[in-house]
Structures are given as C-alpha cells and as structure tokens.
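Understanding the architecture of this molecule
Read off the chains here:
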There are 2 protein chains.
Amino acid sequence: MSKNLTSREEDYSKWYNELVVKADLAENSAVRGCMVIKPYGYAIWEKMQAELDRMFKETGHQNAYFPLFVPKSLFEAEEKNAEGFAKECAVVTHYRLQNDPENKGKLRVDPNAKLEEELVVRPTSEAIIWSTYKGWIQSYRDLPILINQWANVVRWEMRTRLFLRTAEFLWQEGHTAHATKKEAIEEAELMNNVYADFAENFMAIPVIKGVKTESERFAGAVETFCIEALMQDGKALQAGTSHFLGQNFAKAFDVKFSNNEGKLDYVWATSWGVSTRLMGALIMTHSDDKGLVLPPNLAPFQVVIVPIYKNEEQLNAITEKANTIIKALKSKGISCKFDNRTTHRPGAKFAQHELQGVPLRIAIGPKDLENGTIELARRDTLSKEVIDMTNLTATIQNLLEAMQTDLFAKALKFRNSHTTEVDDFETFKKVLETKTGFISAHWDGTAETELKVKELTKATIRCIPLNMTKEGGKCVYSGKPSKGRVLFAKAY
Amino acid sequence: MSKNLTSREEDYSKWYNELVVKADLAENSAVRGCMVIKPYGYAIWEKMQAELDRMFKETGHQNAYFPLFVPKSLFEAEEKNAEGFAKECAVVTHYRLQNDPENKGKLRVDPNAKLEEELVVRPTSEAIIWSTYKGWIQSYRDLPILINQWANVVRWEMRTRLFLRTAEFLWQEGHTAHATKKEAIEEAELMNNVYADFAENFMAIPVIKGVKTESERFAGAVETFCIEALMQDGKALQAGTSHFLGQNFAKAFDVKFSNNEGKLDYVWATSWGVSTRLMGALIMTHSDDKGLVLPPNLAPFQVVIVPIYKNEEQLNAITEKANTIIKALKSKGISCKFDNRTTHRPGAKFAQHELQGVPLRIAIGPKDLENGTIELARRDTLSKEVIDMTNLTATIQNLLEAMQTDLFAKALKFRNSHTTEVDDFETFKKVLETKTGFISAHWDGTAETELKVKELTKATIRCIPLNMTKEGGKCVYSGKPSKGRVLFAKAY
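Everything numeric here is computed off the predicted structure, so don't read it as measured data. (Residues numbered from 1 in each chain as written. Chains lettered and ligands numbered in written order. Predicted model: local features only at pLDDT ≥ 70, side-chain atom pairs only at ≥ 80, totals over all residues.)

**Digging into the overall build of chain A**
Stated precisely, the cut-off is as follows: Segments assigned H or I by DSSP are reported as helices when at least four residues long, segments assigned E as strands when at least two residues long, and all are numbered from the N terminus. Counting other C-beta atoms within 10 Å of its own, a residue is labelled buried from 20 upward, exposed at 12 or fewer, and partly exposed in the gap between, with every C-beta atom placed from the backbone. Each residue is represented by a C-beta atom placed from its backbone, and any two residues with such atoms within 7 Å are regarded as in contact.
Each helix and strand counted, chain A has 14 helices and 26 strands in total. Taken along the three principal axes of its C-alpha coordinates, chain A extends 80 × 70 × 55 Å. Among the 492 residues that make up chain A, the fraction classed as buried is 48%. Residue pairs in contact within chain A that sit at least 24 positions apart in sequence constitute 67% of those at least 6 positions apart.

**Brief notes about the relation of the copies chain A and chain B**
To keep it simple, the criterion reads: Only residues with pLDDT of at least 70 in both copies contribute their C-alpha atoms to the least-squares superposition of the copies.
Expressed as a screw operation, the relation of chain A to chain B combines 0.0 Å of axial shift with a rotation of 180 degrees, fitting to an RMSD of 0.0 Å. Read as a symmetry element, the transformation amounts to a two-fold axis. By C-alpha distance to the rotation axis, the residue of chain A lying nearest is Val-92 of chain A, at 2.1 Å. Mapped onto chain B, 98% of the interface residues of chain A again fall at the interface, so both copies present the same surface.

**Considerations on the interface of chain A and chain B**
Rules: The classification used treats Ala, Val, Leu, Ile, Met, Phe, Trp, Tyr, Cys and Pro as nonpolar, Asp, Glu, Lys and Arg as charged, and all other residues, Gly among them, as polar. Only when DSSP finds a minimum of two bridges between them are two strands counted as paired.
Listed by partner, the interface residues are 56 residues for chain A and 55 residues for chain B. Residues belonging to the side of chain A that touches chain B are distributed by class as follows: 33 nonpolar, 11 polar and 12 charged. The pairing of strand β5 (residues 91–94) of chain A with strand β5 (residues 91–94) of chain B spans 3 bridges and is classified as antiparallel. When the sheet's bridge partners are listed, Val-91 of chain A is paired in β5 of chain B with His-94 of chain B.

**Considerations on the pairing of strand β21 (residues 384–388) of chain A**
Strand residues, when the strand is regular, have side chains that alternate between the two faces of the sheet. Residue and element names in this part refer to chain A. When you tally the buried positions in β21, you get 0 out of 5 residues, a small fraction of the element. Relative to β21, strand β20 (residues 373–378) runs antiparallel, the two being bridged by 5 bridges. The residue bridging Glu-375 from the neighbouring strand is Val-386, located in β21. Linking two consecutive strands that pair antiparallel, namely β20 and β21, is a turn of 5 residues; a positive phi of about 60 degrees is found at Leu-382 within it.

**Thoughts on the pairing of strand β19 (residues 360–364) of chain A**
All names here are of chain A. In terms of residue burial, β19 counts as a mostly covered element, since 5 of its 5 residues are buried. Every second residue of β19 is oriented toward a common face, with Leu-360, Ile-362 and Ile-364 on one face and Arg-361 and Ala-363 on the other, all of them buried. Examined bridge by bridge, strand β17 (residues 303–307) and β19 share 5 bridges and lie parallel to one another. Of the residues in β19, the one forming a bridge with Pro-307 is Ile-364. As paired elements, β19 and β20 share 4 bridges and run antiparallel to each other.

**Remarks on the sheet that holds strand β8 (residues 114–121) of chain B**
Defined as follows: Every axis corresponds to a line fitted to the C-alpha atoms, with the helix fit spanning only the stretch in contact, and the corresponding angles, defined between N-to-C directions, vary from 0 to 180 degrees.
The strand order across the open sheet formed by 6 strands is β4(A)-β8(A)-β5(A)-β5(B)-β8(B)-β4(B), and the pairing between neighbours is antiparallel. Looking at which strands have only one partner, the edges of the open sheet turn out to be β4 (69–71) of chain A together with β4 (69–71) of chain B. Put simply, the sheet's adjacent strands are angled 45 degrees from each other on average, direction ignored.

**So, helix α8 (residues 277–286) of chain B**
Burial runs high along α8 of chain B: 10 of the 10 residues are buried. Taken residue by residue, α8 of chain B has Arg-277, Leu-278, Met-279, Gly-280, Ala-281, Leu-282, Ile-283, Met-284, Thr-285 and His-286 of chain B as its buried positions.

**Some details on the domain arrangement of chain A**
All names here are of chain A. For clarity, the threshold we go by: Each domain span listed reflects an automatic or database assignment of domains.
Examined at the domain level, chain A breaks down into domain 1 (24–286), domain 2 (297–414) and domain 3 (419–489). Domain 1 and domain 3 are separated by 29 Å when their C-alpha centres are compared. Every contact between the two is made by 16 residues of domain 1 and, on the other side, 14 residues of domain 3. For the side of domain 1 that touches domain 3, the secondary structure elements donating two or more residues are β11 (208–211) and β12 (223–230). Looking at which element gives the most residues to the side of domain 1 that touches domain 3, the answer is β11, with 4 residues. Considered class by class, the residues forming the side of domain 1 that touches domain 3 number 5 nonpolar, 4 polar and 7 charged.

**Remarks on the environment of Met-468 of chain B**
Residues and elements named next belong to chain B. In this structure, Met-468 sits in the loop between β24 (460–465) and β25 (470–474). A sequence separation of 98 residues divides Met-468 from Glu-370, and the C-alpha atoms of the two residues are 60 Å apart. With residues near it in sequence (within four places) discarded, Met-468 still touches Gly-484 and Arg-485.

This is the structure in structure tokens:
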C-alpha cells in the first residue's frame, strides 16, 4: 500500500479523504453515507469524549439515555424543529421481516408488520427528551435539570464526507431545563465556553465564539451560540453549538412548573452538542502532506519506540532499554508504544507513525546503547536529533507540552493572517477567492443581504462574534447602515 | 410520592418494576418497549462500562464503531443468523418526511423517498462487521482482529420489561477474527471468563460458566459459552454470552486469508456481549424490600453524609466536619456525597438513600460534634451504630470491602441452597414449583426432551456447566442414558 498522500496544495479535498483512510481513522461502509470508525480513529474520539465528559460533570451535568426512536406525533410537535429536520429523516415503518415467497433464501418486509405510527430515527433528541421532561417537572424544586447524552444520530444527508458530514454520526447532546430565562441563557453561554475551552486547550484549535444569524440558527432555537474554527484551506468549520431554546419546546410539550410563588410558567430550555465532526476539524487544522499531526493530548499513544537491530541479541538489549523508558514515561502519565513488529522494516514503521501522527518517535540502535543516546523525532516540525538519554523523561514531557502549545500558536497565526477586514464588495469577492479565510465586514442585519451574498459568493455569515466592537459602518453588500462587523467565510 | 415498595414475597415482579422506577433507575418512554435510563441508573451503567472496557483493553481489544443500519442484502447473508432475528427487526424504509396535505401542521412519510434497499436497525452487528472485515483481511498478518463496540441495538420484543427485555438496549459487542479454530475457541472462552470475573468480583453476582444446548445457542454460532446467574425468586438469568462462530460468517461474506504457507482459508470468528440487562441482574440479586442494594464497586456514590441540625450555626459546624471527612475519603478513592438539601427532612433523605442503595450513610448531629462521633448505617444489613470519628476513613474502607465480599457470599449461599440434584421427573416438577432455583439433572442430549420438558414445566436447560462431572446416568425425563448433569431452571 502506497502511503504517499496527495498534497494539500494539489487537491485539499482529496488530501483529506486519503488521509482519513490511509491513517486508519475511518472508511466508508456498505451503508450509504454511514462510516466505520476504525480503532485508531476511535481511540482519538475516546480521548475527546473522556475530556468533554469530565468537563460536563465538573459543570454539574449528569449522563442519561433516551430512546433512539421518536414517534412521528412527538417529532412534529415543535413545528420549526420538525420542519428543519423532516427532509433528512430515516423512518422506521415496519417491525418484522419474513421469508420472501418469490425469492428463496431472501427476506422481505412483512406487510402485516406495519407500525401504527412511524418512528423517526432521532436526528436530535429535543422532542423525545422534552416529552419525557414533562413527567419529571412539576415545581421549581425539580429544576434545573442538567443532563447530557452520548449517542448516535441520523440525518439523511445527500452529500457525505467522512467525519465532516455523515448520515449517522456520534455526538453528545446536552438538554437542560431551567426556571428562568436568565439561567437558561447563562447555561447556553457556559457550555459554549466549555466547548471553546476544550477546542483551544485540548484540541489546540483556536475558535471564535459568536452567535448565529437567524437563518443559520438551529431549528427551534431562539439563539444559537457557536464556536467557529478555520481550516488550512481557508474554509470555516462550525465546531460546536449551544442553543438557548426559550420556551419553545416547553410550549410544544406543555411542560410547566410552579415557581416559588405557586405560579405556573413554562420551563426554559437549552441544548448543546459536538460530534465526530470534531475529528474532521482536528485533521484539517493540524495535519500536513506527510499525514496526521496530533496534539499530544489527543494521541492514542504519544511516543513510539522503534528498535533498529540486526540480530536477536541487539533486539534484546534494545528491548530492555525500551522497557525502562516506557516505565519511566508511564509513571509521568505519558503513553508509549514499543513497535517491535517483525513484519515491518524500520523505514516502513517510521512512515506509518508519521502518517498516523504519533507526536514523538524514538529510534534506538546498537550504537545508541553504546553511547547512551537515542534518536528523537518530532512529528509537528519533522525535526530529528540524537540526544543524551539522561533526563529523557523530563525532555519528553517538556517537548509534548511544547508541541501542544506550538500547534495552537501555529493555528492561531494562520487564522489571524487569514482574517481580513474588508469594506467593499469587490474586495470581498477577491479576498474570498484568493486569500480565503474569515472576512470581517459590515452587514445590514437583513436575511436578504445574507442570502444574496451567499448566492453570489458561497460565503455565509459564520457568526456575529461575541466580542464584536460596536462600530457604525456601511454594509459591505447593500451599503445600508450596520452596527458592527460580522464574520463571513465559505464553510464546511 | 410514596417510597414504599411492594414486598418481594407479595409480588416479586411488581417489586422489581416499582423498584426500578422509584429508585430513579429507568422508566418507560413514549416509544413502545424502549426505556429512558435516568441519571442515577446510567451512573451505575457507566461504572460497569468503565470496568468492562478496562478488562477488554487489558486483554488486547480495541474499540471501534460500525453503522447502526444493516442493508437487507447483508442482513440475510448468514441464513441462520438472519432467520433468528428477522422476526424482531425494526426496518427503515424511507428517508424523508413531508407536510401532510390532508393534515395541516402534521407530517407524513414522503412516498417519493422510499429506499431502494431497506435498512435493518442492527439487532446485532455480525453482518455489517463481517462485510467490513472482508476489506481488512488478506493475510494471516492481518489477524487476529480484536475489536469491541459500545452501541445501541434494537430487537422488536413483544413483551418488554425495564432493563430485562427492551426493544432498544445498550450493550457492547466484541467481534474477533482469527487464523485458527483453536485460537477462536480460546478467545470465546477467554471472554466468557472475563464476564464471569466481572460478574463475580465487580458485581458480586456468582455465576455458572457453561455452554448452551443447540436450541438455546446464538443464531449463527457453533458454540455459545455463557454465564448464568440465579435471581432471588429462583429464576435464572443469562448474564453474558460469548460465541464461537466457526467459519459461518466468513463463508457468508467470503472472508478468506492466506496463511503463512500461502494457502487460502476462511477466517474463524467469535462474538460476545453483555448489555444493560446486567442492570436487571444487579437489582434482582442484591436488593431487598427497602429498595436497591448496591455493591460498593457499582455505587454512583459509596457514602452519603446527612446533617441533622436545628439552626444555621449547627449546619455550618457540621458542614465543616463533613468536608473534612469527604476530603479524607476522596484521597482513598471513596466517593462521598454531602446531602445538604434544604428541601427535604433527614427522614426523607434516609428513606431515599435506602431506596437508592447507597452503601454507607453517615448522620452527623450537634451531639456528634461534641462527642467526636458519627452515626454510621450500613445498607446491606440495615445495621446502625454510633462510632468514634477516629480512624473513620479506615473503618469505612474496611466496611466497603466487607460489603462487597458479604454481598457475594450471601448471593452464593442463596444459589447453593437453591441448586438441587434431582433424579426423577415428579421431584423435578415439585422442586421447580416449590423450592425453585437451578435443578441439576441428567438429560439424554436430545432437543425433543428439552422441548418436552419446557412445554411441561417452562424450565429450560440454562447451560451444560463447564465443570460438569462426567458421570453416567438416566435422563430425568426420558430415562435414556445421559453423560452428565445439566442445569435446568425457569429463566428471565
């Protein structure tokens, strides 16, 4: 199998698709639009899950599990939400197969096993969860409810890409219920901040916090907070969203509570989620033409040791040394793999670990044993040096920390140099096509302008940044008055 | 809400159903046969998952994720497996809803969005996984593949009960591929041993390891290893299964490998799983008429502290003491919750923690502060004593360990006293109805006898124990020759 990737410059999209498959992260399955997440890719997702789960619990949330299916009558209860997802729903209509009388050995749907009411495979769980919360909430004493769910969801997308857009994907969805509007908005903001913290400090991906325009809002939300990242090809990627749902779902499912004065009111809601799409963001932020580059926090193993030997005696001596190193690293919480496969030569191993983004690679040969040295290669910079074995653990610990920081700094530098203030539409179009990236420009606040810009340039408003400076200006497209700059970009 | 449960003696089945709901473990959902797993129940499941996942990884397995849907043509490829599950499949036939022209505000299935090929919601994943493995396996170098998946599955059961039998349930399913028959059988046995180890040493549930008879075997398996537990009502519960699948799936999906002599052969397979059904086993093994009893290993929090106070000053002093205790316990890895809710009186808190099976309860009042004591209550024995605060952490640590051991010993004693050797059919029927439990009896090895016994008594052969003494005898029903005793019981 050739490990050579198409370069990013040649064809960014092809580079991505090849990398995902060749680095053993995921592949397409026999089911249209659904992926198989392979062990190496899944191990990275598990690291993300563990950290997010810790952060959710630290902010007072508990996990629970709600049904995969949503009866159609519940699904349609919140009209905007239903309308937003109706066009991409997998629908279960029958509950049995039977032998096909016309095709021996084949099965067919049993026409007598039609469900009275169709079941939608959840594209998101607000409907099933709020129909459940109705039974849990009577009084303010029952609030807040702070629940998260790790689950699979299905959205029948027509054009799919591994991790970025798949018919089935894995995610977490938080669904909270509150007594006051203020508390619900604070929760939605808090979780958007948790996502930003996770993206920046754990995934080393700089993000812009903002809110969506009405047309980009989650179906059924009053306000959608989001974090937006910039990929190496200058396209934006929405990495997480947190919705203030107002009382929309409480009204749709008649969920009321009596407040501490005994008055009945509808409950306030939020929902928030990130998905396996983050794998796509991770890959496209840091990786290079040699393959995956992983921030040390997310690497299934952070260090790999490759023995270079000609005979068994040498291998034994190297193995002994490797075990000492592994033990020392493990005691500091650093994961290390000894790649002693006899089926591959060192060169092939090097190439594979580069392709799979192992942060640090140690090579040990007989001369190293004599000299008390090792060869240490760093994946992000591709630099290599022979270093003394003394203080190796501390050296590695420092290097891993430096890589985590450096990757963030590099991505931030890229984003900053690809964020352009623009004041006229000709420049807007030119920057979008040549320089790419985020365009910070004035907008008149209307959906018409937003749509027109999208039709003409394919750029959308990624967000109205939370830290937007309130400055008067003229809309980059219509010339009408604007209250501040928003971020436009082409997006995944 | 009344916390009083129906007693086990009065109505065991009702006791179980009430306990699951009142202890906040799970409840029925708006979707027929599907449950909502509530935060407290899910926290227990998470503890099980974490420990099992650790054990799987320790035995060399990796996690991955395969699609929720199985195209019908793949589903039907392994005939026995398809036949076994066809009657209980949820089937997706359409991928879109549309506005119902006859019902404003309602949706209907879009007749133009019919799938060319129906998709079965996975009842188990052998088909989709072996169709994937075909692309992964060419040579013996690609073997073994040792993969596990944590997932939801759907089996359209007609009669459902929370945790024990639900249309959707959560589970893990291991799917391994091997070069030799011997290795695959060893893997199936190994994982059955892992399950037994987990059940006994983590869940405190004694189990019998055995193999299933042909009629009770997994559809598509050559041999099904299992662990069988005994519930307090004398009915057996299959707690986990591990299947040696032979080359059945490799043949159905044409998965061949070249061995180290370059010869092509079909790959050998295993699969193994445990599910949220274990929650049912846990509840029915240890709990009592006051509610849930949890082995300390599985308790979301192992200790709860309830303050007894009349004024804020007292509460403040108790809080200070509680924080010291919590910190000391935490340093020993013991989880502890301070229940300082002002909405409930101590008595109500005691009842709730008893109902929810918190292993140890500490009560602290003003007198305790004066005397340097606390009141410590043990959930399994319902014993209570005032003890000196000195060495509290060590006392608690010892008590938790003792509870874990005692619960297992108690369950083992129950099982031993409810396992009866029987040699004639009249006694068989009588023991089954009056004493209940496992019946160890000779069986002639035929499916006819097995079926006849089931029809007459509702008892099935739970397993042929792996440690069965090979002794000649006469079948308890037919009188024909038998090679050893098997275990009969009524079962969940």
